[in-house]
Amino acid sequence: MGSCSPKFEVAVIGAGPSGLTAAYSLAKKGFKVVVLERGRTPGSKNLYGGRVYSSALEEVYEGFRSEAPVERWVKRERFSIVLGGKSVTIEYSSNSSSSFTAYLSKLTNWMAQKAEEAGAIILTDIRVDDIWVEDNFVKGIKAGPDKLQADVVIDAEGINRILLERMGVVPKLDPNHVAIGLKQVIRLDEERINERFGLEPDEGLAWFLMGEITKGIPGGGFLYTNSTTVSLGLVLFLWGLKKPPSQHVFEILEDFRLSPLIKKFIGDGVCVEYGAHLTPEISLEISPKKLYGNGFLVVGDAAGLLLNLGYTVRGVDFAVYSGYLAAKAFEKAHSEGEFSAENLAYYQKLLEESFVMSELKKHTSITKLLRNEAVFKIYPEILVNLASKLYEIKWRSPTILEALKEVTKGKTLFTRNGPDITDLVKAP
């Protein structure tokens, strides 16, 4: 890319799901689009748990069902609380599925291929140093000594929003608003995965866990089955780290992998990949008040578009749809002949009217609930001890009420300084 690079109509920063979807949607309409990615391949800097909800992708991407690199369709859901070598588990199964497991690297590469087929240009190994602003209007991007002109820049740089910080659009990232996600990919053959997890061919499992697996740090664990691998990981809330942990976080993940509950499923597997990544947890608190400005739009993780419900996480589908709506907003501004904040505000309107913001706002109570330490310490202990009282019978079996009174004795169930478990059923 030289100092006299040609002008593009749209420059997208970041080849993740949101940026590539914006590029694909715009290129299909005939716009001149370039995607700038600092990794060696699209998605090489991305990391996520392993599950994607499909509705948004099916709407946006032609041929999704027949072409996308899906590993397994999730038809079994499992949730476990683990404490003192004991666990309580609930499970749901269905013949239908609205989500799938996939390697994000393969999924983003497929998205990149779709964008290029539509006419977008994708440049890798390009580090964008700054968003180029003149007279309070974004003119393009800066990469080293070079400048690239664009009518609109779509920022899809992810949760580490260095460029938006330099522009003054967002403050420095507050550790209390993010979590660290850790992940290992364990290789097992398909037959062992199906046999051990009780799965049919191509049937997937999504398993969420909480309790002692996080060594006292608020958060939880996950396990997703792929065709011939299992994705295992932890999400640890940084607000819960009041002092440095006694172990390195990867040691905590390794202990989780070797715990009796998990080891019997994947203990003889081989770790073929591991990684860590920051992830937004209090999404609406880190989302910029305006996701648009003169000549720019903000999508995906950079916009804080992720929802952790405790029993499942949604991120990729939110990212994809934000990129799709950003493309629609650009198209409208293009028809009006000006890319001012006033015209690009249509993006935020579309987002507010979409399922993305509706979901984020509807579930604010649960998001706040996950900041209550009792959810990770007191409630799991009560539930596991209650099950122990009810099922580990010697001579006399207690009533449920007797057992509940015994295991809750001396414990404060509902706190005054934050949301409690009753917020799960409150209307927004």
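Before reading further, recall that the structure is shown in the block above.
Read on for an overview of the structure. (Residues numbered from 1 in each chain as written. Predicted model: local features only at pLDDT ≥ 70, side-chain atom pairs only at ≥ 80, totals over all residues. Heavy atoms only, no water.)

Let us now look at the packing of helix 1 (residues 17-28) against helix 4 (residues 104-118). At a minimum axis distance of 8 Å, the contact between helix 1 and helix 4 shows a crossing angle of 20 degrees. As judged from the angle between their axes, helix 1 and helix 4 are roughly parallel. As for how helix 1 packs across helix 4, the hand of that crossing is left-handed. Side by side, helix 1 and helix 4 meet where Pro17, Leu20, Thr21, Ala23, Tyr24, Ala27 and Lys28 of the first sit next to Leu104, Thr108, Met111, Ala112, Lys114, Ala115 and Ala118 of the second. Split by residue class, the contact of helix 1 with helix 4 holds 10 nonpolar, 2 polar and 2 charged. (Axes fitted to C-alpha atoms, helices over the stretch in contact; angles between N-to-C directions. Helix = DSSP H or I, 4+ residues; strand = E, 2+ residues; numbered from the N terminus. Parallel < 35°, antiparallel > 145°, perpendicular 65-115°, else oblique. Left-handed = near helix turned anticlockwise from the far one by under 90°. Contact = heavy atoms within 4.5 Å. Nonpolar A, V, L, I, M, F, W, Y, C, P; charged D, E, K, R; others polar.)

Attention now goes to empty space enclosed by the protein. If you walk through the whole model with that rule in mind, you get 1 cavity of 30 Å³ or more. Its boundaries defined by the atoms lining it, the largest cavity holds a volume of some 70 Å³. Contributing to the lining of the largest cavity are Asn176, Val178, Phe237, Trp239, Glu281, Ile282, Asn308, Thr367, Leu370 and Arg371. A per-class count over the lining of the largest cavity returns 5 nonpolar, 3 polar and 2 charged. (1 Å grid on protein atoms, 1.4 Å probe; cavity = no way out; pocket = protein on both sides within 12 Å on 5 of 7 lines; lining within 4 Å. Points joined across faces, edges and corners; volume = space filled by probe spheres on them.)

Another point: the environment of Gly19. Relative to the assigned elements, Gly19 resides in helix 1. Those residues in contact with Gly19 that lie beyond four places of it in its chain are Val12, Gly14 and Ala156.

What follows deals with the pattern of salt bridges. All told, the structure shown has 26 salt bridges when counted by the stated rule. Note that Asp268 is salt-bridged to Arg196, the shortest N-O span being 2.6 Å. A residue pair is termed long-range when its members are at least 10 positions apart, and Asp268 in the loop between helix 8 (260-266) and strand 15 (270-280) and Arg196 in helix 6 (residues 190-197) qualify at 72 residues. Look at Arg196 and you get partly exposed, because its relative accessible area is 28%. Here the salt bridges share partners, and the residues they tie into one network are Arg76, Arg78, Glu91 and Glu203. (Salt bridge = Lys/Arg side-chain N within 4 Å of Asp/Glu carboxyl O. Buried < 20%, exposed > 50% of the residue type's maximum accessible area, 1.4 Å probe, protein only.)

Take helix 10 (residues 316-336) next. Helix length check: helix 10 (21 residues) gives 31 Å between terminal C-alpha atoms against 30 Å at 1.5 Å per residue, within 8%. Buried residues dominate helix 10, accounting for 15 of its 21 residues. (Expected span 1.5 Å × (residues − 1).)

The next subject is the layout of surface pockets. Within this model, the second largest pocket holds a volume of roughly 230 Å³. Lining the second largest pocket are 13 residues, and of these Val82, Glu212, Ile213, Ser259 and Pro260 sit closest to its centre. Listing elements by their share of the lining of the second largest pocket, those giving two or more residues are strand 5 (86-93), helix 7 (249-257) and helix 8. With 3 residues, helix 7 is the single largest residue contributor to the lining of the second largest pocket. Residues belonging to the lining of the second largest pocket are distributed by class as follows: 6 nonpolar, 3 polar and 4 charged.

Let's shift gears to the nonpolar core. Counting 83 residues, the largest nonpolar core has Leu107, Ile154 and Tyr347 as its most contacted members. At 11 residues, the largest contribution of residues to this core is made by helix 10. Core analysis: the next-biggest nonpolar cluster, separate from the first, contains 25 residues, Leu188, Leu205, Ile252 and Leu253 among them. (Core = buried A, V, L, I, M, F, W, Y, C linked by side-chain atoms within 4.5 Å.)

A few words now on unusual backbone geometry. Look at Asp135: it is not a glycine, yet its phi comes out positive at around 55 degrees. Residue position: Asp135 is located in the loop between strand 8 (130-134) and strand 9 (137-143). Here Asp135 falls in the exposed class, since its relative accessible area comes to 77%. Positive phi, close to 65 degrees, is recorded for Asn136, a residue that is not glycine.

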